[in-house]
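Fold and contact review
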Amino acid sequence: MFRRASAAVIGWRITGVDADDPIVVPVPEFVHPLVGGWVVDVTRHGKVMGIVVRRQRRDETIDVHFGMSGRVIVNGRSPIEELAYGASDDTRWHRFALRFDRGTLVLSDPRRFARVTSARDRADLGPDAWSIDRRTFRERLSGRRTAVKAALLDQSVLAGLGNMLVDEILMKSGVDPRRSVASLDEATVTALHRNTRAVLDRLWKRGGSHAGDLAVELRRPGAGCPVDGTPLARANVGGRTTFWCPKHQV
Ligand SMILES: [Zn+2]
């Protein structure tokens, strides 16, 4: 039903993207380059809807996972309006949108279980970072020799953590982002798991599109660590701009 309704956007050109919700769109970087492209198909794989976008002769597919309460609204109309309890909509629930030359496609989800990901990650998406238990978290990390920052960002290890959230989790856990996963003791892995949950829980309670404390307050030159005031270090770790405290993150 979602697919049929969304097929209306085939042939439309993308003029803008709203992908600011870090829980629903953990890695927004893949979406932004699609502005200027055209929707050439809308597919369905199980519960996942794929929006195929052609840009500069290359096709990219945006996967929309609806979760328990997500739904698509095209130009203000939802195909399951009559089935949805309440059938109401609230712009605060709008977690993702594609703006077109001829309208908009909005992903609305009051509970934020929906996810928007790249189809390139479809085959090997790891378990969802928000709902993973401690044992599975430890198993996903075990045996890896990459930097802990790179491992937490790797969507095939854990799905759902973006660059800024990982920096915040590492800061709360007192872990240097450059440290090898293999060097982490059990207490540290437990702290990382706990803080992953805590950061995502807090984002959820705030609603909207907060990108995390570290994103808002600290991602600028000369910012001081919220724990001890030490000027933060900045470097490229795991291919991404990374901020950390050289004093308490060891
Ligand atoms: Zn510090």
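Shown above is the structure to which this text applies.
Rules used throughout
- Residues numbered from 1 in each chain as written.
- Predicted model: local features only at pLDDT ≥ 70, side-chain atom pairs only at ≥ 80, totals over all residues.
- Heavy atoms only, no water.
- Helix = DSSP H or I, 4+ residues; strand = E, 2+ residues; numbered from the N terminus.
- Buried < 20%, exposed > 50% of the residue type's maximum accessible area, 1.4 Å probe, protein only.
- Contact = heavy atoms within 4.5 Å.
- Pairing = 2+ DSSP bridges.
- Axes fitted to C-alpha atoms, helices over the stretch in contact; angles between N-to-C directions.

1. Notes on unusual backbone geometry
The backbone of Arg57 shows a phi angle near 65°, a positive value even though the residue is not glycine. You can see Arg57 is positioned in the loop between strand 3 (48–55) and strand 4 (58–65). Note on Arg57: relative accessible area 83%, which makes it exposed. We note that Asn75 has phi near 50°; this positive angle belongs to a residue other than glycine. Residue class for Asn75 comes out partly exposed when judged on its relative accessible area of 42%.

2. Re the environment of Arg55
One can find Arg55 in strand 3. As a C-alpha pair, Arg55 and Pro33 span 22 residues in sequence and 8.6 Å in three-dimensional space. In this structure Arg55 touches Pro33, Leu34, Val35, Gly36 and Gly37, once residues within four positions along its chain are discounted.

3. Here we look at the sheet that holds strand 6 (residues 94–100)
Strand order in the open sheet formed by four strands is 1-6-7-5, with antiparallel pairing between adjacent strands. Lying at the two open borders of the sheet, with one neighbouring strand each, are strand 1 (14–18) and strand 5 (71–74). Each neighbouring strand pair of the sheet contributes to a mean axis angle of 15°, computed without reference to strand direction. Of the pairings in the sheet, the one linking strand 1 to strand 6 comprises four bridges and is antiparallel in character. In the strand pairing of strand 6, Gly16 is matched with Arg99.

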